[in-house]
Amino acid sequence: MKHAEGTATERVERALLVQVVTGRTPRGAAADSLGELERLADTAGAVVVGRITQRREGPTAGLYVGEGKLADIQVACRRGRANLVIFDNDLSAVQVNNLDLALGIKVIDRTELILQIFARRARSAEAKIQVELAQLQYLVSRIPVSVRQQRFQGGIGMRGPGESPLQLRNEPMRRRIRDLQARLEQVRRRRERTRRRRTWPFVCLTGYTNAGKSTLLNALSEGGAYVDDRLFATLDTKTRRVNLGGGRRALVTDTVGFIRHLPHGLVASFRSTLDVAAEADLLLIVADASDAALDDHLRVVAGTLEEIGAERVPALLLLNKCDALEARAAAARAAAFPDAVRVSALRRRGLDTLKARIAATLLEQGCRFPPAGPPPAARRRDGEAGC
Ligand SMILES: Nc1nc2c(ncn2[C@@H]2O[C@H](COP(=O)(O)OP(=O)(O)OP(=O)(O)O)[C@@H](O)[C@H]2O)c(=O)[nH]1
Ligand SMILES: [Mg+2]
C-alpha cells in the first residue's frame, strides 16, 4: 500500500468497495468513479480487499442493493476479511443502519469517506472549523441520534476536527454548529476587508483534485506548497507572488481541489476557502491532460465553480501533465482544446507562455499591475488570500 497513512498502533481498515450503477450511467464513468473511490480509500489509509459492482434500475429503499447482492457482499467480506464496506453511492441513514446490522460490519458511503479524508488532512484552524462543521451537519442530517456519537469513534480518518466524543456529548451539536458558523463568518468578513484593500491582480488556481495545482504554484513562484500524489493534498489557501515578466506581478493562490459528488455540505462549509475563486480577477483551471477522464473532470469543475458563484470569473484552461502524454495523445488534446495553455508544472514546461497569457488576460480585464516594491501580502501569513 503506497499511500496508507495508518500507524502500527492503529487497526488496519480492510475495505470492500461496493458500487451500484443505476439508470444509464455509461460503463466508463462507473469504472472511473470506482477507481476514484479506491484512491479515496487508499488516501484515507484503508487497504482495499475487493470490489463489487451491481447494475440495477434503481436502489432498494432498505438496503440500496438487492437481497442477492447482499449475500455476495457478505461472502466477499468474509473472503477478504473486510472490516469496512464503502459504498460509492450516497446512502440514507436508514440504509446505513440496515446494512450495518445485516453485515455486522461498519458501512460508510462516498460522502462520509471524503469527510473523513478532509478531517485527516485539515491543518489550519480555518480548515479544521470547516471540516468539523461539515461533519456535524452530515451527522445531524443523516445519522439517527442513537448512533451519531458512535460514528465519531475510531475508524479511518475519524481524528482531528470533530474527533472528540466528549466535546459532542457535552455540547449540543446544533449549538456547536452555530458557533462554528459564527467563527467562519468572522473569517469571511476579514477576507472581505482584505479583498477591498487589494491592489495586486489576484489569480486563483482551481481544478480537479490531483491535477497539479500546488506543483504549478511552486513552479511559478519557487514556493513550497505541499505536493502529494494523493487526493485532497491541499485544504488551505496558499498565496504567492508571481513575476509574470516585463515588470508585471500578480498574486497567485492555490486552493482545495474538486471531485465528482463533492458533498454539498462540504462545499457550503468550505465557503470561506472557496470564495477565493469567486473573488479572483482570473481563474487558472488546471486539468490533468493525461487523465482519460479529463472531460468528466472539466464538467465537475464547471459545476462546482457554478455552485460557488465563480462561473463568471474570467478563466484560462491549463492542460497540465503534458509531459505524460504521447505525441499523438498530445495532438488530440491540443485539437480538442485549442484555447488551452499546455504546460508541465513538473518539468516546468510552457511556463513563460502561461505567464504571458496571464498578463495579457489581466490587462484585458482592466487590471493594473503594482509598481515595484514589496506587496502588502508579503507581510501576511499563509492562508490569507488577498492583498
Ligand atoms: N507527470 C506530471 N506529474 C505532475 C505534474 N504536475 C503535478 N504532477 C504530479 O501530480 C500529483 C499531484 O500534484 P499536486 O500539485 O499535489 O496536485 P493538486 O492539484 O495540488 O492536488 P490537491 O491538492 O489534492 O487538489 C503529484 O504527484 C505531482 O508530482 C506534471 O506536469 N506532470
Ligand atoms: Mg494541492
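Each value, and the rule that gives it
- Residues numbered from 1 in each chain as written.
- Chains lettered and ligands numbered in written order.
- Predicted model: local features only at pLDDT ≥ 70, side-chain atom pairs only at ≥ 80, totals over all residues.
- Heavy atoms only, no water.
- Pairing = 2+ DSSP bridges.
- Helix = DSSP H or I, 4+ residues; strand = E, 2+ residues; numbered from the N terminus.
- Contact = heavy atoms within 4.5 Å.
- Axes fitted to C-alpha atoms, helices over the stretch in contact; angles between N-to-C directions.
- Buried < 20%, exposed > 50% of the residue type's maximum accessible area, 1.4 Å probe, protein only.
- Right-handed = clockwise from strand over helix to strand, strands pointing away.
- Expected span 1.5 Å × (residues − 1).
- Arc of directions from axis to C-beta.
- Salt bridge = Lys/Arg side-chain N within 4 Å of Asp/Glu carboxyl O.
- Phe/Tyr/Trp six-rings, centres within 6.5 Å; stacked < 30°, edge-to-face > 60°.
- Parallel < 35°, antiparallel > 145°, perpendicular 65-115°, else oblique.
- Left-handed = near helix turned anticlockwise from the far one by under 90°.
- Polar contact = N/O pair within 3.5 Å; in protein donor to acceptor, adjacent residues only side chain to side chain.
- Near = heavy atom within 4 Å.
- Areas by Shrake-Rupley, 256 points an atom, 1.4 Å probe, with all protein chains shown as cover.
- pLDDT = per-residue confidence, 0-100.
- Nonpolar A, V, L, I, M, F, W, Y, C, P; charged D, E, K, R; others polar.

K.L.:
Quick question: what am I supposed to make of the sheet that holds strand β8 (residues 282-288) here?
P.N.:
Strand pairing in a sheet is mediated by backbone hydrogen bonds. Such pairs are either parallel or antiparallel. Pairing within the open sheet is mixed, and its six strands lie in the order β6-β7-β5-β8-β9-β10. At either margin of the open sheet sits one strand with a lone partner, and together these are β6 (238-245) and β10 (341-342). Across six bridges, the pairing between β8 and strand β9 (residues 315-320) is parallel. Looking at β9, one finds that A287 is bridged to L319. Seen against the sheet, helix α14 (residues 351-364) touches β5 (202-207), β6, β7 (248-254), β8, β9 and β10 and runs at an angle of roughly 95 degrees to β6.

K.L.:
Help me understand the pairing of strand β1 (residues 14-22) in this model?
P.N.:
The side chains of a regular strand alternate, residue by residue, between the two faces of the sheet. Most of β1 sits inside the fold, with seven of its nine residues counted as buried. When β1 meets strand β2 (residues 47-56), the two strands line up parallel, connected through nine bridges. Counted as the bridge partner of V18 is I52 from β2. Taking the sense of rotation as the criterion, the β-α-β connection linking β1, helix α1 (residues 27-43) and β2 turns out right-handed. Here β1 runs beside strand β3 (residues 84-87); their pairing, made up of four bridges, is parallel. In the sheet register, V18 faces β3, and the bridge partner there is F87.

K.L.:
Explain helix α2 (residues 67-80) here, please?
P.N.:
Residues lying three or four places apart along an α-helix face the same way, a consequence of the helix completing one turn every 3.6 residues. The end-to-end C-alpha distance of α2 is 20 Å, a good match for the 20 Å that 14 residues give at a rise of 1.5 Å each. Along α2, the residues that are buried comprise K69, L70, I73, A76, C77 and G80. Mapping the buried residues of α2 onto a view down its axis gives an arc of 120 degrees, with all of them on the same face. Turned more than 90 degrees away from the buried face of α2 sit E67, R78 and R79, all of them exposed.

K.L.:
Looking at this structure, how should I read the pattern of salt bridges?
P.N.:
Opposite charge on two side chains lets them pair, provided their charged atoms get close. As enumerated under the stated definition, the model contains 14 salt bridges in all. Where D179 meets R183, a salt bridge forms, and the shortest distance between an N and an O atom there is 3.5 Å. Residue D179 and its partner R183 are located together in helix α8 (residues 173-196), separated by four residues, close to a single helical turn. Accessibility expressed as a relative area gives 33% for D179, which makes it partly exposed.

K.L.:
What's the story with the packing of aromatic side chains in this structure? I'm lost.
P.N.:
Aromatic ring pairs are defined here through the distance separating the ring centres and the angle between the ring planes. Under the criterion given, the structure shown has two aromatic pairs. Centroid distance Y64 to F87: 6.4 Å. Interplanar angle 65 degrees. Geometry classified as edge-to-face. Placement of the pair is Y64 in the loop between β2 and α2 and F87 in strand β3, with a sequence separation of 23 residues. Exposure remark for Y64: the relative accessible area of 9% places this residue in the buried category.

K.L.:
Just checking my understanding: could you explain the packing of α2 against helix α3 (residues 93-103) for this structure?
P.N.:
To describe two helices that pack against each other, one gives the angle between their axes and the distance between the axes. Relative orientation of the contacting elements α2 and α3 amounts to 55 degrees, with a least axis distance of 11 Å. Judged by the inter-axis angle, α2 sits oblique to α3. Like other packed secondary-structure pairs, α2 and α3 cross with a definite hand, here right-handed. Together, L70, I73 and Q74 of α2 and L99, A102 and L103 of α3 make up the contact between the two elements.

K.L.:
Would you explain helix α4 (residues 110-121) in this entry?
P.N.:
In a regular helix each residue adds 1.5 Å, so 12 residues correspond to 16 Å; α4 covers 16 Å between its end C-alpha atoms and thus fits that length. Across the 12 residues that make up α4, a large majority, 12, are buried. If you check which residues of α4 are buried, you get R110, T111, E112, L113, I114, L115, Q116, I117, F118, A119, R120 and R121.

K.L.:
Help me understand the side chain of D288 in this model?
P.N.:
Counting through the fold element by element, D288 comes out in strand β8. Taking relative accessible area as the criterion, D288 reaches 11% and is therefore assigned buried. In this structure the side chain of D288 is engaged in a polar contact, spanning 2.6 Å, whose partner is the side chain of S290. Separated by 3.3 Å, the side chains of D288 and K321 make a polar contact.

K.L.:
Just to check I follow, could you spell out the site of ligand 1 for this structure?
P.N.:
Taken together, 22 residues form the shell around ligand 1, and within it K213, T215, A233, T234 and D323 come nearest. Between A211 and ligand 1, the recorded distance is 3.1 Å, taken from a backbone N or O atom to an oxygen atom. Surface burial for ligand 1 is 90%, taken as the share of its 650 Å² of free accessible area covered by protein chains. When residues in the shell around ligand 1 are grouped by element, the largest group, three residues, is from helix α9 (residues 213-221).

K.L.:
What should I look at first to understand the confidence of the model for the protein chain in this one?
P.N.:
Low pLDDT means the predicted coordinates in that region are not meant to be read closely. Chain-level statistics for the protein chain give a pLDDT mean of 84 and a share of 84% at 70 or above. Every residue in residues 1-9 scores below 50 in pLDDT, and together they form 14 contacts with partners more than four places removed in sequence or on other chains.

K.L.:
Help me understand unusual backbone geometry, please; the structure alone is not making it clear to me.
P.N.:
When glycine is set aside, most residues are seen to have a negative phi, and most peptide bonds are trans. One non-glycine residue, Y64, lies in the positive phi region at around 75 degrees. You will see that K321, though not glycine, has its phi angle at about 65 degrees, which is positive. Here K321 is to be found in the loop between β9 and α13 (327-336).

K.L.:
Please clarify how the packing of α1 against α4 should be interpreted in this entry.
P.N.:
Packing of α1 against α4 brings their axes to within 10 Å, and their N-to-C directions diverge by 35 degrees. Crossing angle aside, the handedness with which α1 passes α4 is left-handed. Taking contact as the criterion, the partners of S33, E36, L37, L40, A41 and T43 in α1 are, on α4, R110, L113, I114, I117, R120 and R121. Partitioned by chemical class, the residues of the contact of α1 with α4 number six nonpolar, two polar and four charged.

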